[in-house]
Amino acid sequence: MTRQDVVIVGGGHNGLVAAAYLAQSGRSVTVLERLDHLGGAAVSAQAFEGVEARLSRYSYLVSLLPAAIMRDLGLDIRLERRRYSSYTPLPGTDRGLLVDNGDAAATRRSFDTLGADFDAWQSFYGRTAALARAVFPTVTEPLLRRSELKRLVDAADWSDFIDRPIGEVIERCFTNDLVRGVVLTDALIGTFAPADDPTLAANRCFLYHVIGGGTGDWDVPVGGMGAVTSSLANAARTAGASLVTGAEVISIAPDGEVRYRLDDDEFILNAGTVLSNVAPQVLSGLLGEVSEPAEGAQVKVNLLLRRLPRLRDASLDPAAAFGGTFHINEGYTQLERAFRAASAGNIPSPLPAEIYCHSLTDPSILSPKLAASGAHTLTVFGLHTPHQLVTAATNDAVRAALERAVIDSLDSVLAEPIESLLLTDAAGRPCIETKTTYDLESALGLPGGNIFHAPLSWPFAEDSADLGTAAGRWGVATAHENILLCGAGAQRGGGVSGLGGHNAAMAVLEG
């Protein structure tokens, strides 16, 4: 039996962050990753045979990764800011809403064209910016209690964004249905909830989407998500951590004994501390315990096009429309209708979705020849497609139906069929790849395809919480003293942030 100070179960980006911090501090660290590569959902892949494009296959943008983590670990990660925030076509028309971060006057004209209130938009996001400046600096510190963080936030903002369902403030601040929908989408990424969600799950999702970096901006990682993982792995290895791939953990004991299988042989590591970078539900299974199931609510589609699609608004440059987040059928009423349809067990029609084009901001993910040809990648993230819609037996059929729903939704707002623009791979197949929640569960071990590992938590502790231990103070505690959470399931986890890994490492070093 080999003794290690720390064993990290799961080689996703959070596990690598923790490994780098702890190895730099002189701890002996081993990371065990089930797959044959590191990175979890933060990876790049050549998704289409014979086509030289490396797509961010699962997660694709960075907002919550603090600059402090990049500095501490000496990470060679370059993030690019997108000029355009979003474009949202008004269904059934040749008009749309363009939010241009570089031209406030043009954005105002776009609002005016739709009869929407630009000043209300500015005021609303001025409030979320103030919220971000107050909350984001706390996420790399021990947890504040609710009352402590509340004192740092404007009372009206706390009430609207923390205490009351997010739909209330959206409906009060905006009258235009399209604008309301654009705002609401940040509360629904990977979250299956209505606007008036009494559980406030939508509020928690919204909060994490608007506080990143203290600004709420979502940046493009140059080289794709694989560049993020590569830099983290290099930092961990350089510091002395052992990173083992193809190592399937079989069981974890509360005393720190970790059993794993590698190349058909079984091994045991005895750890002073085990950091779990797998979903809490997976950890419970490894401990022989039972936990509440998790459920995701999205479909992810990657496409490779020979050029960007033409828009119904012929006056708008497609590079501007696709330069930010392109919202499709995500009006407020459409989103609520889609939630009701999915709750009844149906695929919404039209399917609310949004597009991101990595190659406009970072053409390095394409070969020079492919980039010169005018080709572009598109990533589509479809909302309100909960895991309850799919089973192992129906996954292929549901995947095909969801892919069709995505294509139909796209076509409903474009000037030409998206399928006519698809490149083909070496075998002549269209370059389109669709991932259901079941596919995410199978490939990445995400229970129910939940991209956050578990329901998101508030980035603060309740006033009644026991913060008497280092693990408790950092939001990474489990029921077992020697086992801590270090992944997206930790408090303040979720997204490509490194926060779960950072905070678990801080708890180990403090303890």
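Every value quoted in this text rests on a predicted model; they were computed, and no experiment measured them.

Enquirer: Hey, could you run me through the pairing of strand 13 (residues 299-305) in this one?
Expert: With seven of its seven residues buried, strand 13 lies for the most part within the structure. Pairing of strand 13 with strand 16 (residues 376-382) involves seven bridges; the strand directions are antiparallel. In the sheet register, Leu303 faces strand 16, and the bridge partner there is Leu378. Bridge analysis of strand 13 against strand 17 (residues 432-435) gives four bridges, and the strand direction is antiparallel. Bridge pairing links Val301 to Thr434 in strand 17.

Enquirer: Hey, could you run me through the side chain of Asn203 in this one?
Expert: Following the sequence through the fold, Asn203 ends up in helix 9 (residues 201-211). Look at Asn203 and you get buried, because its relative accessible area is 1%. Not counting chain neighbours up to four residues away, the residues in contact with Asn203 comprise Asp160, Phe161, Ile162, Arg164, Pro165, Ile166 and Trp458.

Enquirer: What is the right way to look at unusual backbone geometry in this model?
Expert: Residues apart from glycine generally show negative phi values, whereas peptide bonds are mostly found in trans. Cis geometry marks the peptide bond from Ser349 to Pro350, where omega comes out at 0°. Relative to the assigned elements, Pro350 resides in the loop between helix 13 (332-343) and strand 15 (353-356). Phi at Leu200 takes a positive value of approximately 65°, unusual for a residue other than glycine. You will see that Asn329, though not glycine, has its phi angle at about 50°, which is positive. On the basis of relative accessible area, Asn329 is assigned to the buried category, the value being 4%.

Enquirer: In this structure, what is going on with the nonpolar core? I would like to understand it.
Expert: In a soluble, globular protein the nonpolar side chains are often hidden away together inside. Counting residues in hydrophobic clusters, the biggest one holds 62 residues, and the most contacted among them are Ile8, Val29, Leu32, Leu73, Ile252 and Leu275. Per element, the largest residue contribution to this core is eight residues, and it comes from helix 1 (residues 13-24). Aside from chain neighbours lying at most four places away, what touches Leu73 is Val17, Ala20, Tyr21, Gln24, Leu232 and Ala235. In this structure, Leu61, Ala132, Ala193 and Leu456 belong to the second largest nonpolar core, which totals 56 residues.

Enquirer: Any chance you could explain the side chain of Glu33 here in plain terms?
Expert: Relative to the assigned elements, Glu33 resides in strand 2 (residues 29-33). Polar side-chain contacts of Glu33 include one of 2.8 Å to the backbone nitrogen of Leu35. In this structure, Glu33 is in contact with Gly10, Gly11, Gly12, Leu38, Val244, Thr245, Gly246 and Ala247, ignoring residues within four places of it in sequence.

Enquirer: Whenever I open this one, the sheet that holds strand 17 confuses me. Can you help?
Expert: Consider a sheet: its strands pair through backbone hydrogen bonds, and that pairing is either parallel or antiparallel. Here seven strands make up an open sheet; going across it, the order is 7-6-14-15-16-13-17 and the pairing mixed. The open sheet is flanked by strand 7 (96-100) and strand 17, the only strands paired with a single partner. On average, each strand axis in the sheet is tilted by 15° relative to the strand beside it, whichever way the strands run. Relative to strand 14 (residues 325-328), strand 6 (residues 84-89) runs parallel, the two sharing two bridges.

Enquirer: How should the pairing of strand 6 be read in this particular structure?
Expert: Consecutive side chains along a regular strand alternate between the two faces of the sheet. Most of strand 6 sits out of view: five of its six residues are buried. Looking at chain direction, strand 6 and strand 7 are connected through five bridges and run antiparallel. Pairing of Ser86 across the sheet is with Val99, part of strand 7. Turn length for the strand 6-strand 7 hairpin, with the two strands adjacent in sequence and antiparallel, is six residues, and the turn residue Gly92 shows positive phi of about 85°.

Enquirer: Sorry if this is basic, but what is going on with the environment of Ala504 here?
Expert: Within the secondary structure layout, Ala504 lies in helix 19 (residues 499-510). Each C-alpha atom, one on Ala504 and one on Asp396, is 38 Å from the other, the two residues being 108 residues apart in sequence. Residue contacts for Ala504: discarding those within four places in its chain leaves Leu275, Val476, Leu484, Leu485 and Cys486.

Enquirer: I'm lost on the layout of surface pockets in this one. Help?
Expert: A water-sized probe rolled over the atoms picks out the places where empty space is left. For the second largest pocket, the calculated volume is near 380 Å³. In terms of lining, the second largest pocket is formed by 20 residues, of which the most central are Ala470, Ala471, Glu481, Leu484 and Gly511. Put simply, the parts of the chain that give the lining of the second largest pocket at least two residues each are strand 1 (2-9), helix 18 (470-473), strand 18 (483-485) and helix 19. Residue contributions to the lining of the second largest pocket peak at three residues, all from helix 18. For the lining of the second largest pocket, the residue count by class is nine nonpolar, seven polar and four charged.

Enquirer: Whenever I open this one, the pattern of salt bridges confuses me. Can you help?
Expert: For side chains of opposite charge, pairing can occur when their charged atoms come near one another. The full count for this structure, using the stated rule, is 24 salt bridges. One salt bridge connects Arg81 with Asp219, and the closest N-O pair in it is separated by 2.4 Å. Remark: Asp219 occurs in the loop between helix 9 and strand 8 (220-221) and Arg81 occurs in the loop between strand 5 (79-80) and strand 6; sequence separation between them is 138 residues. One connected set of salt bridges, linked through shared partners, spans Arg127, Asp157, Asp160 and Arg172.

Enquirer: Sorry if this is basic, but what is going on with empty space enclosed by the protein here?
Expert: The tally for this structure, following the rule as stated, stands at three cavities of 30 Å³ or more. A class-by-class count of the residues in the lining of the largest cavity yields four nonpolar, one polar and four charged.

How each quantity is defined
Residues numbered from 1 in each chain as written. Predicted model: local features only at pLDDT ≥ 70, side-chain atom pairs only at ≥ 80, totals over all residues. Heavy atoms only, no water. Buried < 20%, exposed > 50% of the residue type's maximum accessible area, 1.4 Å probe, protein only. Helix = DSSP H or I, 4+ residues; strand = E, 2+ residues; numbered from the N terminus. Pairing = 2+ DSSP bridges. Contact = heavy atoms within 4.5 Å. Core = buried A, V, L, I, M, F, W, Y, C linked by side-chain atoms within 4.5 Å. Polar contact = N/O pair within 3.5 Å; in protein donor to acceptor, adjacent residues only side chain to side chain. Axes fitted to C-alpha atoms, helices over the stretch in contact; angles between N-to-C directions. 1 Å grid on protein atoms, 1.4 Å probe; cavity = no way out; pocket = protein on both sides within 12 Å on 5 of 7 lines; lining within 4 Å. Points joined across faces, edges and corners; volume = space filled by probe spheres on them. Nonpolar A, V, L, I, M, F, W, Y, C, P; charged D, E, K, R; others polar. Salt bridge = Lys/Arg side-chain N within 4 Å of Asp/Glu carboxyl O.

By themselves, these figures tell us nothing about what the structure is for.
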